[in-house]
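Below are the chains, spelled out letter by letter.
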Amino acid sequence: MTKSNILKVRIRKYHLKDSNFSLDVDLNIPSTGVTALFGPSGSGKTTLLRCIAGLEKNQQSELSLSNEFWQTNKISLPAHKRPIGYVFQEANLFPHLTAAENLQFAIKRADKSQSVISYSEVIRLMDIEEILPQYPSQLSGGERQRIAIARALLIRPKLLLMDEPLAALDDSLKKEILPYLEAICHSSKIPIIYVSHSLDEVIRLADHMVVLEKGRVVEQGETQFLLGKLGTFFSRHKDASVVITGIITEQSAQWGLSWLHFDNQDIIVKQGNEKIGDQLRLRIQSKDVSLSLSPQEDSSILNRLTVIIDDMIKDPKDPSMVMLRLLAGSTPILARVTALSTHNLALSKGQTVIAQIKSVALLR
Amino acid sequence: MTKSNILKVRIRKYHLKDSNFSLDVDLNIPSTGVTALFGPSGSGKTTLLRCIAGLEKNQQSELSLSNEFWQTNKISLPAHKRPIGYVFQEANLFPHLTAAENLQFAIKRADKSQSVISYSEVIRLMDIEEILPQYPSQLSGGERQRIAIARALLIRPKLLLMDEPLAALDDSLKKEILPYLEAICHSSKIPIIYVSHSLDEVIRLADHMVVLEKGRVVEQGETQFLLGKLGTFFSRHKDASVVITGIITEQSAQWGLSWLHFDNQDIIVKQGNEKIGDQLRLRIQSKDVSLSLSPQEDSSILNRLTVIIDDMIKDPKDPSMVMLRLLAGSTPILARVTALSTHNLALSKGQTVIAQIKSVALLR
Amino acid sequence: ATLHVAVASNFISPIKQLAQEFEQETGHSLQLSFGSSGKLFAQIQNNAPYDIFLSADVIKPKALIDNKMALSYSLIVYAKGQLTLWSMKPISPLTLPEALLNAKRIAIANPRLAPYGKAAEESLRHLSVWEGIQGKLVQGENIGQAYQFTYSENANLGLVALSQVLAGPQKGYSINIPNSFYKGINQAAVILSRTQKTVLAETFMAFLIRADTQAKIAHFGYSTKKN
Amino acid sequence: MQLSPEDLGAIWLTLKLASLVTLLLILMSTPIAWWLARTQSWFRGPINAIVAMPLVLPPTVLGFYLLLFLGPQGAIGKILDDLGLSPLPFSFSGLVVASMVYSLPFVVQPIQNAFIAIGDKPLEAAATLRSSPLNRFIYVALPLAKPGYISATILGFAHTVGEFGVVLMIGGNIPNETKVVSVQIYDHVEALEYGQAHTLSLLMVAFAFTVLAFLYSLQKRRKHQPAAGGLL
Amino acid sequence: MQLSPEDLGAIWLTLKLASLVTLLLILMSTPIAWWLARTQSWFRGPINAIVAMPLVLPPTVLGFYLLLFLGPQGAIGKILDDLGLSPLPFSFSGLVVASMVYSLPFVVQPIQNAFIAIGDKPLEAAATLRSSPLNRFIYVALPLAKPGYISATILGFAHTVGEFGVVLMIGGNIPNETKVVSVQIYDHVEALEYGQAHTLSLLMVAFAFTVLAFLYSLQKRRKHQPAAGGLL
Ligand SMILES: Nc1ncnc2c1ncn2[C@@H]1O[C@H](COP(=O)(O)OP(=O)(O)OP(=O)(O)O)[C@@H](O)[C@H]1O
Ligand SMILES: Nc1ncnc2c1ncn2[C@@H]1O[C@H](COP(=O)(O)OP(=O)(O)OP(=O)(O)O)[C@@H](O)[C@H]1O
Ligand SMILES: [Mg+2]
Ligand SMILES: [Mg+2]
């Protein structure tokens, strides 16, 4: 990833017609991996995607992908010339075409030089084989959304914009599609901008995060970095988490577990299809981390890391809770515990304690 | 709640036009509290709601609420005579009316004898004051959905049908609206049928659950009962949980905690606005429960229940995991731990162990 | 009282003036309805509230008499049409057949529908150019359209009514077709049987064929008193 | 050039006729269009075609047949007579009836298409909000069909104003009763009074232009539709 | 009753004229309707009104003015003449032009309304799928406007068949060139040949009914719309 290989978005005071909403953002989005767009309802996420796609026009903005300018005050590449895929918040299929024809519409116009995903692969992944002959009005909400995702992939975009693509899908489908999206974007190096309300989804997918509020960016940066910081939007979130990257050093087929090594520490995780030597990212939710003063051998909790308490912050909204920033080596880990426990255990900054993490709570 | 006070739904082989989908269900839905409708995309959740609302007609079905027949093979109450509120999967606001006028449409036609929620209350709760003058096309996805929920409440229904009402909303709004929905339905004794993909939401709200698959009911019953059972749809779910009901016996203002008593055990929970003597429901997620052989005093985990291992099942899809059914007194608790841990600790049926639950992981 | 008179469209200009004079003279007013003779005929057959019918031909009044819809004694010929060859540009050469054969477009009224059309056909046959000009003929539904074709110069020549040329906004150039070339264009009027105002109607019919009235009609470009 | 009292009478009559006919047609077409837009019956095609039939015959010929039907010997004329009603031909009422027959398709079609475009969703939403079929027709279907109604009004009104053959046949060209502007202009042309014909035509065109431009400005892109502006 | 060779010629000519006019009008109205449906310009109202203008004048009068404009002294006639084109009046081409002017509003209106009903969403989706403005017009807007096109075809075709005043004026009633059925029926009525008029009228109505019923059956509720059936 070279520095130039980046999506730059600067939008100055873009006012929507008949509305007092305005968008004013300045983003540098890395051109690989997923950038999550987070923010409350009405904060301008959809509007931002529409600006990037060229569906909203404004002279004041500047947009470029890999140094290719889509929008400056002089030029403005029309929407159909921008190499994007767009999954709309409300599927927005062509009502006069069947599901299959909707996909064909994209295939015919796909960028043949890009390879993103094969037709049969998409059909299998989205589990849409059976509904292909139906018209959009004959599909359920989730089915429509799946066709819309498939359509956006089949156009073979260089940038994928997804507006809550999985909101209408059930957990089991989500769980199948999510890793796939992850794989697609990592392997084909397509940047994805992904709007979601689910921190879970976001943390799982996103390398980079942008938080919007009232049309302004309030937080922006690497997921890993942002999550490890106290006092941010995320550390106040009930799902406050950190992301840890390590290397698989050992595996046990019998128990279906892998040992992940990072910063001189080991974490045991449920085994997926990773192999020894692979790099892996894990999410550790602050609420899944408990502390003890001594190692406890007779507990079902497998992961016990020796950490140093780096910082402690009371939750301003909820005084019964304390957020701790722990350092496992140099890797920050957040732990959310009751104020009573910190009192009982007499926890203080600089103290060395044991962080207990249920391995099953790790996400991939 | 008398036995007659129940929504009965029997739908025999209802075929959708131009489709090989058919619905065949037989449900008894208690007429207070929330019934969650769960099931994969395309399983017929929306179709079932439409049948109940009278938007799909079929002679073969039988529908009654509190012994009042809406549909038999002889009579069929038209949709507009059924005292329901319906939140559609895709907001479905009137495009020619502003948000405020959409609400007025409901208010004018509301059942004056029912009292569900006041106008100002709804506006405040849904946080829609500012967007009232806008037309639906000028609203964001989440804003539309909030207007739709408000509209369905303002018609003052005797039965509320909600098709993924919160899917388009962000976490913080969800967290504000959810308890409210809970409160509304409990206080005004309106039964709610609630379609959702989020087990979290469902467990939080639902007293009763129905799981659909391909138009057939595969699981149905009290949430508490269903969740505590092994081998069900739910126990295989990664969010497998149980719900516990207890009474507040002690509170600490200093630490912001409440002590909940059930079955001769105490659980410490974050304090809300409950008072001593109040009854409270808690969800305990199986993945938040860890086991130890001895009580560990120097841990930040406050809740340590003495339990007996009642049952152990390997997850058929994931052999690295074991689901344990624990009995705290007579109350079942599920724990999901690694197979390695059960081996290390040599866990077996009938054994007495300590279940550790991070209080912060409790839901209300 | 008011007499309701149905008048063939080609007699609009004269009847408007005559109506005023009749009103001044008798104090009775006329209500005029215009239309093609064919249309008026169909209306009369269906009980149209007319007292008198001024047709552009003799056939229709006679047919009404046969149908007992008109009073048989009342039939009069109130005007005889005069056919004229008309053009907006000077007509050359001056002999009729050559002028006709040189023209690109010649407008006539439909011979099947309009007496002037029939007269035009007869004249053209008389001049032995009927076959020769077939490709150049354009037909108006009535003589009014033949006039408009010529007036707009879409037709170089038109066989129209002299009365039109005189009443029209542009005089142009015209050569009268000798009466001997065609059978007379007799315009007949009848009193309709349904009228309640027979006496008044008879008064008007008498007024129409009175010598001074006929002179005025002649002034509009009709030949009169031939019969 | 001055307008004669007859011209003024014709103008007044035309406005009266066109307004009345348009109003009645809108009322009458609404249920027809609604039925045609929503029925699944195989009758729909034929009925639709029947509604369009008046278009196919030349106006004068249509007028001729109306005359036959409404006349004392005609099927409908006899019935009206038996009912003690005065005959329709050569009266203002007759003009109204004839004009309605003639302009019917231009009013039904746009309304029908507008109803079709609404779809079921808004009506379903209304049904779940205790809105009866009639109620949702009035408060949901009608407002959403507004552009169709404006089109219908424009086409119906303009067509009635310009209509001529039928009127001439059924009306009998009676001043102040059935002599509308179109007939009056025609008479001026026939009488070679081109000056008056031009004046009246110009007046009519100018007036109609004003009315129509106003009506069309009502039919602007609905407020609730996202502005087209940018994209296409 | 037998049809005369002249009647048959008129029928053939009518079909040719109506088909050609409808085809040309559809082609011509498409860009006009598209522009009218999507522009935000204040011109929209006036242009719309101008399109509807031909409706307001009685056909014969309209024909008269067309005759003046297209004639050798007329503005357009002169231009055509300077271009070395043969004059339009009294020719089949002239009929085509005149009929197009007269039937224009009936073709533009339904298409325009259909375009308005599409909204921006499908077009936006197409734009994000690399579909250029022309491409999305052809593959998205046109198919979605199908009901409007069917209406337009029906109204345009039927109106041209029944049209009469303008044709009479511009056509000059030349057998096999400009004498269409409507004129032929009119002639029969005027000549008091009522029997022949009836036969021809009946034939025309029957034929038109068949064609229109067929066209309408195409315009059934779109497959992709949820069936109306139950609700209303
Ligand atoms: N066409 C429009 N006209 C006027 N205002 C609009 C329009 N579209 C959106 N808005 C307003 O702009 C703001 C931002 O809308 P946007 O759709 O970008 O929000 P969002 O972040 O996507 O929200 P959500 O999560 O609810 O989808 C909202 O307040 C909305 O009301
Ligand atoms: N109008 C229709 N015509 C034909 N088939 C339909 C129609 N509506 C829905 N179906 C089919 O019926 C099945 C059930 O649809 P339904 O909308 O009830 O699913 P759902 O459970 O609500 O799914 P989701 O969670 O995706 O909204 C689906 O397979 C769908 O394709
Ligand atoms: Mg949005
Ligand atoms: Mg659904």
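Worth saying up front: this structure is predicted, and the values here are computed from it rather than measured.

Student: Go over the pattern of salt bridges with me, naming the residues and quoting the values.
Tutor: Going through the model one piece at a time under the given rule, you end up with 36 salt bridges over all chains. With its nearest N and O atoms 3.9 Å apart, the salt bridge here joins Glu 131 of chain C to Arg 125 of chain C. Shared partners join several salt bridges into a network, and the residues in it are Arg 10, Arg 12, Asp 24 and Asp 26 of chain B.

Student: Can you explain the pairing of strand E13 (residues 265-270) of chain A? Please cite residues and give values.
Tutor: All names here are of chain A. As paired strands, strand E12 (residues 257-262) and E13 are joined by 6 bridges and run antiparallel to one another. Each residue of the ladder has a partner; that of Phe 262, found in E13, is Gln 265. Between E12 and the antiparallel strand that follows it, E13, lie 2 residues; Asp 263 among them carries a positive phi value of about 45°.

Student: Go over the UniProt feature "transmembrane region" (unreviewed entry) in chain D with me, naming the residues and quoting the values.
Tutor: All names here are of chain D. As recorded in UniProt, the sites labelled "transmembrane region" (unreviewed entry) are residues 12-37, 49-70, 90-108 and 194-216. Overall, residues 49-70 shows 73% helix and 0% strand. The separation of its end C-alpha atoms is 22 Å. Helix makes up 100% of residues 194-216 and strand 0%, whereas the separation of the span's terminal C-alpha atoms amounts to 32 Å.

Student: How would you sum up the relation of the copies chain D and chain E? Please name residues and give values.
Tutor: Mapping chain D onto chain E calls for a rotation angle of 180° and an axial translation of 0.0 Å; the resulting RMSD is 0.2 Å. A rotation of that kind, with that shift, is consistent with a two-fold axis. Of the residues that chain D buries at the interface, 100% are likewise interface residues in chain E, meaning the two copies contact each other through the same surface.

Student: Explain the domain arrangement of chain A residue by residue, including any values.
Tutor: When the parts come together, some accessible area is lost, and that loss is often what is quoted as the size of the interface. Residue and element names in this part refer to chain A. One can read the domain layout of chain A as domain 1 (6-227) and domain 2 (241-363). When each unit is reduced to the centre of its C-alpha atoms, the spacing between domain 1 and domain 2 is 33 Å. At the interface, 9 residues of domain 1 touch 9 residues of domain 2. In total, domain 1 and domain 2 occlude about 750 Å² of area from one another, counting both sides; carbon and sulfur atoms represent 44% of this. If you sort the residues of domain 1 by the area they bury against domain 2, Ile 203, Gln 224 and Leu 227 come out on top, with a joint share of 63%.

Student: Account for the sheet that holds strand E8 (residues 157-161) of chain C, naming residues and giving values.
Tutor: Residue and element names in this part refer to chain C. Pairing within the open sheet is mixed, and its 5 strands lie in the order E7-E6-E8-E5-E9. The outermost strands of the open sheet, each flanked by one partner alone, are strand E7 (137-140) and strand E9 (173-176). Each neighbouring strand pair of the sheet contributes to a mean axis angle of 30°, computed without reference to strand direction. Together, strand E5 (83-87), strand E6 (106-109), E7 and E8 form the strand contacts of helix H5 (residues 115-126), whose direction differs from that of E5 by roughly 85°. Sitting on the sheet, helix H6 (residues 143-151) is in contact with E5, E6, E7 and E8, with an inclination near 145° to E8.

Student: I'd like to hear about the arrangement of the chains, residue by residue, with values.
Tutor: The assembly contains 8 pairs of chains in contact; the pair sharing the most contacts is chains D and E. A minimum C-alpha distance of 50 Å separates chain A and chain C, which share no contact. As for chain C relative to chain B, no contact occurs, and the smallest C-alpha gap between them is 50 Å.

Student: I'd like a rundown of the coordination of the magnesium ion (ligand 3), residues and numbers included.
Tutor: All names here are of chain A. Protein coordination at the magnesium ion (ligand 3) comes from Thr 46 (OG1) and Gln 89 (OE1), with a distance range of 1.9 to 2.2 Å. Residue Thr 46 is located in helix H1 (residues 45-53), and its partner Gln 89 is located in the loop between strand E6 (84-87) and helix H2 (99-108); the two are separated by 43 residues in the primary sequence. For Thr 46, a relative accessible area of 24% gives the class partly exposed. Overall, Gln 89 belongs to the partly exposed group, its relative accessible area being 22%.

Student: Describe the interface of chain D and chain E, and please don't skip the residues or the numbers.
Tutor: Listed by partner, the interface residues are 73 residues for chain D and 73 residues for chain E. The contact between chain D and chain E buries some 6,200 Å² in all, and 68% of this surface belongs to carbon and sulfur atoms. Where chain D touches chain E, the interface holds 0 salt bridges. Among the elements that make up the side of chain D that touches chain E, the one with the highest residue count is helix H11 (residues 194-218) of chain D (12 residues).

Student: Give me the lowdown on the interface of chain C and chain D, citing residues and values where you can.
Tutor: Chain C puts 27 residues into the contact, and the matching count from chain D is 23 residues. When the area that chain C buries against chain D is broken down by residue, the three leading residues are Lys 39, Gln 43 and Asn 46 of chain C, summing to 27%. Elements that contribute at least two residues to the side of chain C that touches chain D include exactly helix H1 (12-26), strand E2 (29-35), helix H2 (37-45), H6 and helix H7 (162-167) of chain C. Grouping the amino acids of the side of chain C that touches chain D by side-chain chemistry returns 11 nonpolar, 13 polar and 3 charged.

Student: Lay out the site of ligand 2 with the relevant residues and their values.
Tutor: Taken together, the neighbourhood of ligand 2 is formed by 23 residues, with Ser 140, Gly 142 and Glu 143 of chain A together with Thr 46 and Thr 47 of chain B sitting nearest. Looking at what sits near ligand 2, you find residues from chains A and B. A distance of 2.8 Å separates an oxygen atom of ligand 2 from a polar side-chain atom of Ser 41 of chain B. Coverage of ligand 2 by the protein amounts to 89% of the 640 Å² it exposes when considered alone. Of all elements in the fold, only helix H4 (141-154) of chain A together with helix H1 (45-53) of chain B reach the threshold of two or more residues within the shell around ligand 2. Along the lines of polarity and charge, the residues of the shell around ligand 2 split into 3 nonpolar, 15 polar and 5 charged.

Student: Residue-level account of the packing of helix H2 (residues 99-108) of chain B against helix H4 (residues 141-154) of chain B, with values.
Tutor: All names here are of chain B. Interaxial distance between H2 and H4 falls to 8 Å at its minimum, and their mutual angle equals 20°. With respect to H4, the axis of H2 lies roughly parallel. Two packed elements cross with a definite hand, and for H2 against H4 that hand is right-handed. Touching Ala 99, Asn 102, Leu 103, Ala 106 and Ile 107 of H2 are Ile 147, Ala 150, Arg 151 and Leu 154, all from H4. Here the residues of the contact of H2 with H4 are counted per class, giving 7 nonpolar, 1 polar and 1 charged.

Student: Describe the nonpolar core, with residues and values.
Tutor: One recurring pattern in soluble globular proteins: nonpolar side chains tend to sit buried together. Formed by 412 residues in total, the largest nonpolar core has its most connected members in Leu 48 of chain A, Leu 48 of chain B, Phe 11, Leu 54 and Phe 204 of chain C, Phe 115 of chain D together with Phe 115 of chain E. Look past the residues within four positions of Phe 115 of chain D in its chain and what remains in contact with it is Thr 30, Ala 33, Trp 34, Ala 37, Arg 38, Phe 137, Ala 141, Leu 142, Ala 145 and Tyr 149 of chain D.

Student: Lay out the site of ligand 1 with the relevant residues and their values.
Tutor: With respect to spatial proximity, 24 residues lie near ligand 1, and among them Thr 46 and Thr 47 of chain A together with Ser 140, Gly 142 and Glu 143 of chain B are the closest. Of the chains in the model, those with residues near ligand 1 are chains A and B. Taking Gly 42 of chain A, its main chain carries an N or O atom lying 2.8 Å from an oxygen atom of ligand 1. One nitrogen or oxygen atom from the side chain of Thr 46 of chain A is found 2.6 Å from an oxygen atom belonging to ligand 1. Compared with its free state, where it exposes 640 Å², ligand 1 has 90% of that area covered by protein. For the shell around ligand 1, the secondary structure elements donating two or more residues are H1 of chain A together with H4 of chain B. For the shell around ligand 1, the per-class residue count stands at 4 nonpolar, 15 polar and 5 charged.

Student: Lay out the environment of Ile 175 of chain C in plain terms, naming residues and giving numbers.
Tutor: Mapped onto the elements, Ile 175 of chain C comes out in strand E9. On a C-alpha basis, the gap between Ile 175 of chain C and Thr 95 of chain C in space is 9.8 Å, while along the polypeptide they are 80 residues apart.

Student: Kindly report on the packing of aromatic side chains, identifying the contributing residues and their values.
Tutor: One pass over the full model with this rule turns up 30 aromatic pairs over all chains. Ring centres of Phe 115 of chain D and Phe 137 of chain D lie 5.7 Å apart, and the angle between their planes is 50°; this geometry places the pair in the tilted category. You can see Phe 115 of chain D sitting in helix H5 (residues 92-118) and its partner Phe 137 of chain D sitting in helix H7 (residues 133-144), a full 22 residues away along the chain. Exposure remark for Phe 137 of chain D: the relative accessible area of 13% places this residue in the buried category. Where Trp 42 of chain E meets Phe 43 of chain E, the ring centres are 4.7 Å apart and the plane angle is 25°; that geometry is what we call stacked. Classification of Trp 42 of chain E as exposed rests on a relative accessible area of 66%. Accessibility expressed as a relative area gives 44% for Phe 43 of chain E, which makes it partly exposed. Ring-pair connections join several aromatic residues into one group, and the members of that group are Trp 86, Tyr 147 and Tyr 151 of chain C, Tyr 194 of chain D together with Phe 64 and Tyr 65 of chain E. Taking NZ or CZ as reference, Lys 16 of chain D lies 4.7 Å from the ring centre of Phe 92 of chain D, over its face.

Calculation rules
Residues numbered from 1 in each chain as written. Chains lettered and ligands numbered in written order. Predicted model: local features only at pLDDT ≥ 70, side-chain atom pairs only at ≥ 80, totals over all residues. Heavy atoms only, no water. Salt bridge = Lys/Arg side-chain N within 4 Å of Asp/Glu carboxyl O. Pairing = 2+ DSSP bridges. Helix = DSSP H or I, 4+ residues; strand = E, 2+ residues; numbered from the N terminus. UniProt positions renumbered as here; feature names shortened; annotations may be inferred. Least-squares fit on C-alpha atoms with pLDDT ≥ 70 in both. Contact = heavy atoms within 4.5 Å. Domains from an automatic or database assignment. Buried area = accessible area lost by both parts, 1.4 Å probe. Axes fitted to C-alpha atoms, helices over the stretch in contact; angles between N-to-C directions. Donors = N, O, S within 2.8 Å, 3.2 Å for Na, K, Ca; no water. Buried < 20%, exposed > 50% of the residue type's maximum accessible area, 1.4 Å probe, protein only. Nonpolar A, V, L, I, M, F, W, Y, C, P; charged D, E, K, R; others polar. Near = heavy atom within 4 Å. Polar contact = N/O pair within 3.5 Å; in protein donor to acceptor, adjacent residues only side chain to side chain. Areas by Shrake-Rupley, 256 points an atom, 1.4 Å probe, with all protein chains shown as cover. Parallel < 35°, antiparallel > 145°, perpendicular 65-115°, else oblique. Left-handed = near helix turned anticlockwise from the far one by under 90°. Core = buried A, V, L, I, M, F, W, Y, C linked by side-chain atoms within 4.5 Å. Phe/Tyr/Trp six-rings, centres within 6.5 Å; stacked < 30°, edge-to-face > 60°. Lys NZ or Arg CZ within 6 Å of the ring centre and 35° of its normal.

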